[in-house]
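Chain and residue survey
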Amino acid sequence: MSAIHFSKLAIRKLADYLTQLPTSIANDCNNAAYLDTEAFKQQWQQLQYIDPNEPKALSAESIEKEQVDWLIDLFNTVFSAKNVELVRGESEPEYFPATESGPARIEFAHGFFQSALHEISHWSLAGSHRRTLPDFGYWYAPDGRTEAQQKAFEQVEIKPQAIECLFSLMCGRPFRVSQDNLHADFDTSQSTFEIDVYNQAKLYIDAPQNLPRDAKTLLTVLALVCHDSIDNEMG
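Notes on the structure in this doc start here. (Residues numbered from 1 in each chain as written. Predicted model: local features only at pLDDT ≥ 70, side-chain atom pairs only at ≥ 80, totals over all residues. Heavy atoms only, no water.)

1. Points about the sheet that holds strand S1 (residues 84-88)
What counts is decided by this rule: A pair of strands is considered paired only if DSSP assigns at least 2 bridges between the two. Put simply, DSSP marks the helices as runs of H or I at least four residues long and the strands as runs of E at least two long, and each gets a number from the N terminus on. Every angle, taken between N-to-C directions, lies between 0 and 180 degrees, and every axis is a line fitted to C-alpha atoms, over only the stretch in contact when it is a helix. Contacts were defined at the residue level, with two residues in contact if any of their heavy atoms lie within 4.5 Å.
Spatially, three strands are ordered S1-S3-S2 in an open sheet, and the strand pairing comes out mixed. Either end of the sheet is taken by a strand with one partner, and the two such strands are S1 and strand S2 (94-96). Shown here is a sheet whose adjacent strand axes are inclined to one another by a mean of 20°, direction ignored. Set on the sheet, helix H4 (residues 60-78) makes contact with S1 and strand S3 (104-108); between it and S1 the angle comes to about 170°. Packed onto the sheet, helix H5 (residues 113-125) meets S1, S2 and S3 and runs at close to 140° relative to S3.

Next up, the structure:
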C-alpha cells in the first residue's frame, strides 16, 4: 500500500469555503462578542515563527505548552455558551459531563496539543444526549486489544480522526493516524484504517455541509486566525 500524505488534502479549499459563507462568524460562534480573532491570530503567528537560534528562544516543550494554552483559550472562548471547558489533563483523556456545580470538561492527555484536537473531535461528533454521559458513553478497550476489538476500534475512530486531521491541517500542523495498538500481537499490515481516515477527511472537504456544526465552527475560526500557517504549510 502506498504512503498516504495527509498534507496533500485540499485544506485551503475548505478554509476558503468556510470563511466565505454568507453567514458571518459572529452568527456561528457562540461568544463572538468576546472573540478577538486578530489577537488570536497575532498570538498564533508569534508561537509559529519563533527563531530557535535566538539567545532567549523557548524550548520545544515550552512552545508546545504555550500553543496548548492558546488552543484552550480559543476553544473556551468560542464555546463558552456550550457550558463546556477544554482542560489540560495529566494522564489519560476523559470527558466529564456538566453538573449542577460546573461545566462539562474535555480533559486531553498529558497536555499534548494533538490530544486536545483529538478529544475536541470526539466532542464535536457527540450529540446532545451523549454529551450528558461520561466519555460520551462510548466503548473503549485499551491497547492490547484482540484483532476483532482492533477492527471495531478503528471503525469508530474514522470520523473523529478525520476531523482531527482537518483541525491539524487548519493549524498548519502535520497529522498522522493513531491506531493505538503498540502491543498488538497480530498482523496489522492489511488494515485500511489510514486510507479510510484520509477518504473521510476528503469527503468532509468535498461536502463540508456534512461536518458536525461545532467542528465547522472551530474550523472556521482556525481558518480565520491560522490561515498564514496554512499558506506556509501548503507552500
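2. Describing the environment of aspartate 16
Here is the rule: Only protein chains enter the accessibility calculation, which uses a 1.4 Å probe. A residue is then buried if its area is under 20% of the maximum for its type, exposed if over 50%, and partly exposed in between.
Residue position: aspartate 16 is located in helix H1 (residues 11-19). Its relative accessible area of 29% is what places aspartate 16 among the partly exposed residues. Counting along the chain gives 207 residues from aspartate 16 to alanine 223, while the straight-line C-alpha distance between them is 8.0 Å.

3. Concerning the packing of H1 against helix H6 (residues 147-170)
Here is the rule we go by: For classification purposes, angles smaller than 35 degrees are called roughly parallel, those larger than 145 roughly antiparallel, those between 65 and 115 roughly perpendicular, and all remaining angles oblique. The classification used treats Ala, Val, Leu, Ile, Met, Phe, Trp, Tyr, Cys and Pro as nonpolar, Asp, Glu, Lys and Arg as charged, and all other residues, Gly among them, as polar.
At their nearest, the axes of H1 and H6 sit 10 Å apart, and the two run at 85° to each other. Taken together, the axis directions place H1 and H6 in an arrangement best described as roughly perpendicular. Taken together, the residues of H6 that come into contact with H1 (itself represented by Ile11, Leu14, Ala15 and Leu18) are Leu166, Leu169 and Met170. Here the contact of H1 with H6 is composed, by residue class, of seven nonpolar, no polar and no charged.

4. Focus on the packing of aromatic side chains
Quick note on the threshold: Between 30 and 60 degrees the pair is tilted, below 30 it is stacked and above 60 it is edge-to-face, where a pair is any two Phe, Tyr or Trp rings, Trp via its six-membered ring, whose centres lie within 6.5 Å.
Taken as a whole and judged by the stated rule, the model has ten aromatic pairs. Ring geometry for tryptophan 44 versus tryptophan 70: centroids 4.5 Å apart, planes at 35°, classification tilted. Separated by 26 residues along the polypeptide, tryptophan 44 in helix H3 (residues 37-48) and tryptophan 70 in helix H4 bring together distant segments of the chain. Like tryptophan 70, tryptophan 44 is buried. An aromatic cluster is present here, built from Phe40, Trp44, Trp70 and Phe113 joined pairwise through their rings.

5. Brief notes about the environment of glutamine 161
Convention followed: Counted as a polar contact is a pair of N or O atoms within 3.5 Å, where, for protein atoms, one must be capable of donating a hydrogen and the other of accepting one, and residues adjacent in sequence contribute only when both atoms are in side chains.
Counting through the fold element by element, glutamine 161 comes out in helix H6. Along the primary structure glutamine 161 and aspartate 196 are separated by 35 residues, whereas in three dimensions their C-alpha atoms are 9.9 Å apart. Discounting chain neighbours no more than four positions away, the residues touching glutamine 161 are His118, Phe175, Val177, Ser178, Phe193 and Val197. A polar contact is formed between the side chain of glutamine 161 and the backbone oxygen of serine 178, at a distance of 2.8 Å.

6. Quick look at the pattern of salt bridges
The condition is simple: Take a side-chain nitrogen of Lys or Arg and a carboxyl oxygen of Asp or Glu: if they are within 4 Å of each other, that pair is a salt bridge.
The final tally for this structure, using the stated rule, is nine salt bridges. The shortest N-O distance in the salt bridge between aspartate 214 and lysine 82 comes to 3.5 Å. With aspartate 214 in helix H8 (residues 213-234) and lysine 82 in the loop between H4 and S1, the pair connects residues that are 132 residues apart, well separated along the chain. Measuring nitrogen to oxygen at the nearest pair gives 2.9 Å for the salt bridge that ties aspartate 206 to lysine 202. Here the residue aspartate 206 and the residue lysine 202 both occupy positions in helix H7 (residues 193-206), the gap between them amounting to four residues, near one helical turn.

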